[in-house]
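Observations on the three-dimensional arrangement
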Amino acid sequence: MSSALKTATDIPRGKLESAHSTAGQLDCTVVPTLTAEQEAKLWRKIDLRVIPITCLMFFFTFADRAAVGFAAINGLLTQLDLTGNKFNMILVSPTSDDVMWVADSVGIPLNSFMNLSFSHSVCSRSQQSEPSSLFYTLRRVPTHETRWLPGMLIVWGFLITFTGFVKTYHQLLAMRVCLGAVEAGLYPGISYYLTLWYPKFKLQYRFAMFAGTTSLAGSALSGFLGFAVGGLNGVGGLETWSWIFILDGIGTMLAGIAAVFLMADHPSTVKFLTDGERLHVMEQIGSGAAPENNEHGAVQQIWATLTDWQVWALSVVMFSMVAPSFALTYFLPTIVHDFGYSTAVTQLLTMPLSVLSIAFLLVVAYYSDTIHLRSPFIFAGQFITLVGFIINITNAPSGVKYFGLALCLAGNTSGTVGVVSWLANNLGGSYKRATALAVQITIGHVGGAIASIIFRSQDAPRYTYGIRLEIIFLSVGLSIIPMTVLAYKRINAARDREELLQQQQGEKALHEDGGGGKRIGDRALSFRYTL
């Protein structure tokens, strides 16, 4: 049977003999062979179904963060009397709420794991499509992530829309807290969703495509929106900043409704792929990945995540990147405006920075996937960001500082995507991967919360206090990256020696650890960490 099966196009949909077990699971003993042209066509087909909707979702969720910055220079500060540190509190409330939501979920009783939802059949193993954050992993109510994520986006858009109608500081603060609660699982959710669709060395470029929308949303959309709706000032008794939130919120709700119908399910179940194509995709995702850790339940895998050194090391690196990222998102319009430009010119000047950062991000992600390396590109992104902040702490002319901001955005965007991909590549087990991404992004959001309060109004126009702290954060991240690479190299080398020794002794590779337990997931002898 397998010798007759050459390509996915040879297999009529629903006619693949013996390709499914009696339980309806795909039989991985029959995997089609594709030519390079057929495989490229297959991944393009998947990209067209998976990437646009995830980009659209994340585009609008991140646009809100940027909208706050543009609303600040379009009347928000004056109308709501956001003096002193009130504006910083507005910024920190969503990020701190993200952290509290994920952290509080740890306290859910362990028997709630029995309510985990939607089991998918995956190539000779039963892999669950767990929801994509720590909150998802621990939540009590079973639901499908392709419905849960769009649902959160719709609620998110509803709250953004009504933010445009607030009249006091406390009303605005309450809305931001609610927004943070709804948004908590979106980034880790979308990140984990992509790991279900792409093998490890096709992943970062796809991360880049959806994460690149943050830069586009950060400056291009919100900057243009702030510029375009200037003519609506006073319409309906609302100032320009209100219309920025209202239009942003309506767009977000429409995106969420579209996502309900357009998000594709797991690759083993979707209808737009043939049976042969589904088999090929699942085989590619499993190739080079850690052996699945399904013999251990959710509790054991989550505990393994929380005690894994690499999760915390790369979470600290994430922290060092997200702090500058949030600072640039929230305060870029203010920083550029303080160069002496008008509000309209400021909003237009932020757009080229976004275009440059997206181009750099895609180039870096492409080569990182091509040569199967993560750390050199992450380190380079960190270093470029560091140089940009150093330029902006000097007395350089505004044109030079503008160039420094371009370096900050380009380096930071590429580095942040890289470190998420790096951790995802080096984890085995569905629960562990989902939980680790949630932990990493949660720690990153701690950096975002700090960034929200260190760029103080009294430090304008140079913001030396905030920039100095960002330089410290970046330096810490830069120091951890080579130490992590060294640790990975030592582990890989030890496994190489152990496998070689077993081969020389003519023994079957053992799968026992020092304690007599099975070595599975990323601790398996056959697994090698991506550097």
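Keep in mind it's a predicted model, so treat the numbers as computed, not measured.

1. Section: the overall build of the protein
- Of the regular secondary structure elements, the protein holds 16 helices and two strands.
- Residue burial in the protein is summarised as follows: out of 531 residues, 58% are buried.
- Counting only contacts in the protein whose residues sit at least 6 apart along the sequence, the fraction spanning at least 24 positions is 81%.
- Total accessible area on the protein is roughly 20,600 Å²; 65% of this is exposed by carbon and sulfur atoms.

2. Digging into unusual backbone geometry
- Here His372, not a glycine, exhibits a phi torsion of approximately 60°, which is positive.
- Structurally, His372 is set in the loop between α12 (343-371) and α13 (375-393).
- For His372, a relative accessible area of 40% gives the class partly exposed.
- Within the chain, Tyr463 stands out as a residue other than glycine whose phi angle is a positive 50°.
- The exposure class assigned to Tyr463 is buried, which follows from its relative accessible area of 5%.

3. Comments concerning the confidence of the model for the protein
- When pLDDT is averaged along the protein, the result is 76, and 76% of the positions lie at 70 or above.
- Looking over the protein, one finds the lowest element-wise mean pLDDT in strand β1 (residues 119-122), namely 30, and the highest in α13, namely 95.
- Within the model, pLDDT remains below 50 along residues 509-517, and this stretch shows twelve contacts once partners closer than five positions in the same chain are excluded.

4. What about the pattern of salt bridges?
- Taken as a whole, this structure holds nine salt bridges when the rule is applied.
- Across the pair Asp522 and Lys432 runs a salt bridge whose closest N-O atoms are separated by 3.0 Å. Highlighted residues: Asp522 in the segment after α16 (464-504) and Lys432 in helix α15 (residues 430-454), separated in sequence by 90 residues. The two residues Asp522 and Lys432 agree in class, both being buried.

5. A word on helix α6 (residues 186-195)
- Most of α6 is tucked away: ten of the ten residues are buried.
- All of the buried residues in α6 are Leu186, Tyr187, Pro188, Gly189, Ile190, Ser191, Tyr192, Tyr193, Leu194 and Thr195.

6. Some thoughts on the environment of Val229
- With respect to the element layout, Val229 can be found in the loop between α7 (203-228) and α8 (240-262).
- On a C-alpha basis, the gap between Val229 and Glu239 in space is 9.7 Å, while along the polypeptide they are ten residues apart.
- Apart from residues no more than four positions distant in its own chain, Val229 is found in contact with Thr240, Trp243, Ile244 and Leu247.

7. As for a nonpolar patch on the surface
- Taken together, the side chains of Leu247, Ile250, Leu254, Ile257, Phe261 and Leu262 make up a nonpolar region of the molecular surface, amounting to roughly 590 Å² of accessible area.
- Note that Leu247 resides in helix α8.
- We classify Leu247 as partly exposed; its relative accessible area is 34%.

8. Section: the packing of α13 against helix α14 (residues 398-425)
- α14 packs onto α13 with a crossing angle of 155° between their chain directions and a minimal axis gap of 7 Å. Regarding the angle of α13 to α14, the classification is roughly antiparallel. Pair α13 / α14 crosses with left-handed handedness.
- Classifying every residue of the contact of α13 with α14 gives twelve nonpolar, eleven polar and one charged.

9. Description of the packing of helix α11 (residues 309-337) against α15
- Remark: α11 packs on α15, axes separated minimally by 7 Å, with the N-to-C direction vectors making an angle of 40°. One finds that α11 runs oblique with respect to α15. Crossing angle aside, the handedness with which α11 passes α15 is right-handed.
- When the residues that make up the contact of α11 with α15 are grouped by side-chain class, the tally is 18 nonpolar, seven polar and no charged.

10. Considerations on helix α9 (residues 275-286)
- Its twelve residues give α9 an end-to-end C-alpha distance of 17 Å, which sits within 8% of 16 Å, the value for a rise of 1.5 Å per residue.
- Of all the positions in α9, only Asp275, Gly276, Glu277, Arg278, Leu279, His280, Val281, Met282 and Ile285 are classed as buried.

11. Some thoughts on the side chain of Thr161
- By the secondary structure assignment, Thr161 is in helix α4 (residues 145-163).
- A distance of 3.4 Å separates a polar side-chain atom of Thr161 from the backbone nitrogen of Ile250.
- Ignoring sequence-local partners within four residues, the contact set of Thr161 consists of Phe245, Ile246, Gly249, Ile250 and Met253.

12. Points about the environment of Tyr366
- Tracing the backbone shows Tyr366 in helix α12.
- Separated by 158 residues in sequence, Tyr366 and Ala208 place their C-alpha atoms 8.8 Å apart.

13. Here's the deal with the packing of aromatic side chains
- In the structure shown here, the tally under the stated rule is 14 aromatic pairs.
- A ring pair is formed by Phe158 and Phe162, whose centres lie 4.7 Å apart and whose planes are at 45°; its orientation type is tilted. Taken as a pair, Phe158 and Phe162 lie in helix α4 at a separation of four residues, close to a single helical turn.
- Judged by its relative accessible area of 44%, Phe158 is partly exposed.
- Among the residues examined, Phe162 registers a relative accessible area of 43% and is labelled partly exposed.
- Ring pairs connect the aromatic residues Trp309, Trp422, Tyr488, Phe527 and Tyr529, which therefore count as one cluster.
- Residue placement shows Lys86 over the ring face of Tyr169; its charged tip is 5.3 Å from the ring centre.
- Of note, Arg456 hangs over the ring of Tyr465, and the distance from its end group to the ring centre comes to 4.0 Å.

14. Description of the environment of Lys432
- Residue Lys432 is classed as buried on the basis of its relative accessible area, which comes to 4%.
- Put simply, Lys432 and Gly521 are 89 residues apart on the chain and 9.0 Å apart in space, counted from C-alpha to C-alpha.
- When near neighbours in sequence (up to four residues on either side) are disregarded, Lys432 contacts Gln301, Ala304, Thr305, Asp308, Leu427 and Asp522.
- For Lys432, the side chain forms a polar contact with the side chain of Asp308, separated by 2.8 Å.

Definitions and cut-offs
Residues numbered from 1 in each chain as written. Predicted model: local features only at pLDDT ≥ 70, side-chain atom pairs only at ≥ 80, totals over all residues. Heavy atoms only, no water. Helix = DSSP H or I, 4+ residues; strand = E, 2+ residues; numbered from the N terminus. Buried < 20%, exposed > 50% of the residue type's maximum accessible area, 1.4 Å probe, protein only. Contact = heavy atoms within 4.5 Å. Areas by Shrake-Rupley, 256 points an atom, 1.4 Å probe, with all protein chains shown as cover. pLDDT = per-residue confidence, 0-100. Salt bridge = Lys/Arg side-chain N within 4 Å of Asp/Glu carboxyl O. Patch = residues over 30% accessible without salt bridge, like charges linked within 9 Å, V, L, I, M, F, W, Y side chains within 5 Å. Axes fitted to C-alpha atoms, helices over the stretch in contact; angles between N-to-C directions. Parallel < 35°, antiparallel > 145°, perpendicular 65-115°, else oblique. Left-handed = near helix turned anticlockwise from the far one by under 90°. Nonpolar A, V, L, I, M, F, W, Y, C, P; charged D, E, K, R; others polar. Expected span 1.5 Å × (residues − 1). Polar contact = N/O pair within 3.5 Å; in protein donor to acceptor, adjacent residues only side chain to side chain. Phe/Tyr/Trp six-rings, centres within 6.5 Å; stacked < 30°, edge-to-face > 60°. Lys NZ or Arg CZ within 6 Å of the ring centre and 35° of its normal.

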